[in-house]
Amino acid sequence: ATLRTKYKLPEQVNQPWTPFRNQGHIGDPLAVGCSITYGVGVDIDQTWHAQIERHYCIAQPAASLESIWRLLRHWIDVVQPPRIRLLTPPMGRREVWQSYGALQMQPSNSYWIKEFADETEIQLNQLRMLDAIQHCVGTTPIDIVTWETVAGDCTDTGTDGAHPGPESHKAIAKHFK
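Predicted model only: the values in this text are computed from it and were never measured. Think of each chain on its own: its residues are numbered from 1, step by step along the sequence as written. Given that the model is predicted, a residue must reach a pLDDT of at least 70 before its local features are reported, and side-chain atom pairs must reach 80 or more before they are shown or counted; all residues, however, enter totals for whole chains, interfaces and linings. Side-chain figures throughout are based on the complete set of non-hydrogen atoms in the structure, without hydrogens or water.

J.: Before we move on, can you summarise the packing of aromatic side chains with the specific residues and values?
T.: Within 6.5 Å between ring centres, the rings of Phe, Tyr and Trp (the latter by its six-membered ring) count as paired, and their orientation is classed by plane angle as stacked under 30 degrees, edge-to-face over 60, tilted in between. Taken as a whole, this structure holds 2 aromatic pairs when the rule is applied. Aromatic pair Trp48 and Phe176: ring centres 4.4 Å apart, planes at 10°, arrangement stacked. On the criterion of sequence distance, the pair formed by Trp48 in helix α4 (residues 48-52) and Phe176 in the segment after α8 (166-174) is long-range, its members being 128 residues apart. Exposure categories follow from relative accessible area, calculated using a 1.4 Å probe and restricted to protein chains: below 20% of the type maximum is buried, above 50% is exposed, and the middle band is partly exposed. Overall, Phe176 belongs to the buried group, its relative accessible area being 8%. Between the aromatic rings of Tyr56 and Trp75, the centroid separation amounts to 6.2 Å while the plane-to-plane angle is 35°, which identifies the pairing as tilted. Here Trp75 lies in helix α5 (residues 65-79) and Tyr56 lies in strand β2 (residues 56-57), a separation of 19 residues in the sequence. For the pair Tyr56 and Trp75, one class covers both residues: buried. Sitting over the ring of Phe116, Arg94 keeps its end group 3.8 Å from the ring centre. Elements are defined by DSSP. Helices are runs of H or I of four residues or more, strands are runs of E of two residues or more, and each kind is numbered from the N terminus. A ring has a charge above it when a Lys NZ or an Arg CZ is no more than 6 Å from the ring centre and no more than 35 degrees off the ring normal.

Put into structure tokens, the structure is as follows:
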């Protein structure tokens, strides 16, 4: 807790992502993740988190676990949720900050750093970031489900033809119940 109050990130890093798709309110449980949690390809009431209960959603399309850590670092004190539900992005995604801002990377990008592509590094980064996220949320209960756990349950696609569809979101929600 001392580190959190003393350490300040550069201002551009602290800028929170705000164009959320939300039906939730301050004090509701918090849903966090990438474009799947955001609801790309489905209506907001068809998202996995809407299948469980109303959530305040702070998902960011193309997010990595580093992005989620930054979002939670800002929004947990704003929303003050009684519980957090995190659907992790695919393990290989990374966020790297440069002077002009964040670069969201994944293995398919041409600018991918080859050392990030090693399976051991991918798994270790996921463990590091999940530890950092759990530290960040403090005593707030957090349910974490990985994309790799639910991917096989996704049987339909949304209106964009790429992201999980309504039936897949129902299947994802069951992993949180």
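Having seen the structure, we can now continue with the description.
J.: So what's going on with the side chain of Ser67? Which residues, and what values?
T.: In this fold, Ser67 is placed in helix α5. The class for Ser67 is buried, based on a relative accessible area of 0%. Any two residues having at least one pair of non-hydrogen atoms within 4.5 Å are treated as being in contact. Beyond its immediate sequence surroundings of up to four residues, Ser67 is in contact with Gln60, Glu95 and Gln104.

J.: Could you give me a rundown of the side chain of Gln126, with the residues and numbers involved?
T.: Looking at the element boundaries, Gln126 is found in helix α6 (residues 119-137). Discounting chain neighbours no more than four positions away, the residues touching Gln126 are Leu65, Thr88, Met91, Thr146 and Glu148.

J.: I'd like to hear about the pattern of salt bridges, residue by residue, with values.
T.: The term salt bridge refers to a pairing of a side-chain nitrogen on Lys or Arg with a carboxyl oxygen on Asp or Glu at a separation within 4 Å. All told, the structure shown has 9 salt bridges when counted by the stated rule. Across the pair Arg94 and Glu66 runs a salt bridge whose closest N-O atoms are separated by 2.9 Å. Of this pair, Arg94 sits in strand β4 (residues 94-98) while Glu66 sits in helix α5, and the two are 28 residues apart along the sequence. Residue classification places Arg94 among the buried residues on the basis of a relative accessible area of 10%. Salt-bridge contacts for Glu121 lead to Arg128; the nearest nitrogen and oxygen are separated by 2.6 Å.

J.: Explain α6 residue by residue, including any values.
T.: Multiplying 1.5 Å by the residue count of a helix minus one yields the expected span of that helix. Between its first and last C-alpha atoms α6 spans 27 Å; for 19 residues at 1.5 Å apiece the expected length is 27 Å, and the two agree. By the criterion applied in these results, polar contacts are pairs of N or O atoms within 3.5 Å in which, for protein atoms, one can donate a hydrogen and the other can accept it, and in which residues neighboring in sequence qualify only through two side-chain atoms. Put simply, Asp118 is the residue that caps the front of α6, since its side-chain oxygen is 2.9 Å from the backbone nitrogen of Thr120. Just downstream of α6 lies Gly138, where phi reads positive at about 60°.

J.: Which residues make up the sheet that holds strand β3 (residues 84-87), and what values do they have?
T.: Whether two strands pair depends on DSSP finding at least two bridges between them. Spatially, 4 strands are ordered β2-β1-β3-β6 in an open sheet, and the strand pairing comes out parallel. One side of each edge strand has no neighbouring strand; the edge strands of this open sheet are β2 and β6 (142-145). As paired elements, strand β1 (residues 30-32) and β2 share 2 bridges and run parallel to each other. Residue pairing for β2: Ala31 is matched across the bridge by Cys57. To obtain each axis, a line is fitted to C-alpha atoms, and for helices this fit is confined to the stretch in contact; angles are then taken between N-to-C directions over 0 to 180 degrees. Of the strands in this sheet, β1, β2 and β3 touch α5, which is tilted by about 170° from β1. Packing against the sheet, α6 makes contact with β3 and β6, and its axis sits at approximately 160° to β6.

J.: Give a description of empty space enclosed by the protein that names residues and reports values.
T.: Using protein atoms alone on a 1 Å grid, points that fit a 1.4 Å probe yet trap it form a cavity, whereas open point sets bounded by protein on both sides within 12 Å along at least five of seven lines form a pocket; residues with an atom within 4 Å of a point count as lining. Grid points are joined across faces, edges and corners, and a volume is the space filled by probe spheres set on the points. If you walk through the whole model with that rule in mind, you get 1 cavity of 30 Å³ or more. The computed volume of the largest cavity comes to approximately 40 Å³. As for the largest cavity, its lining consists of Ser64, Leu65, Pro89, Pro90, Met91, Arg93, Asn125 and Gln126. When the residues that make up the lining of the largest cavity are grouped by side-chain class, the tally is 4 nonpolar, 3 polar and 1 charged. Residue polarity is assigned by list, with Asp, Glu, Lys and Arg as charged and Ala, Val, Leu, Ile, Met, Phe, Trp, Tyr, Cys and Pro as nonpolar; anything else, Gly included, falls into the polar class.

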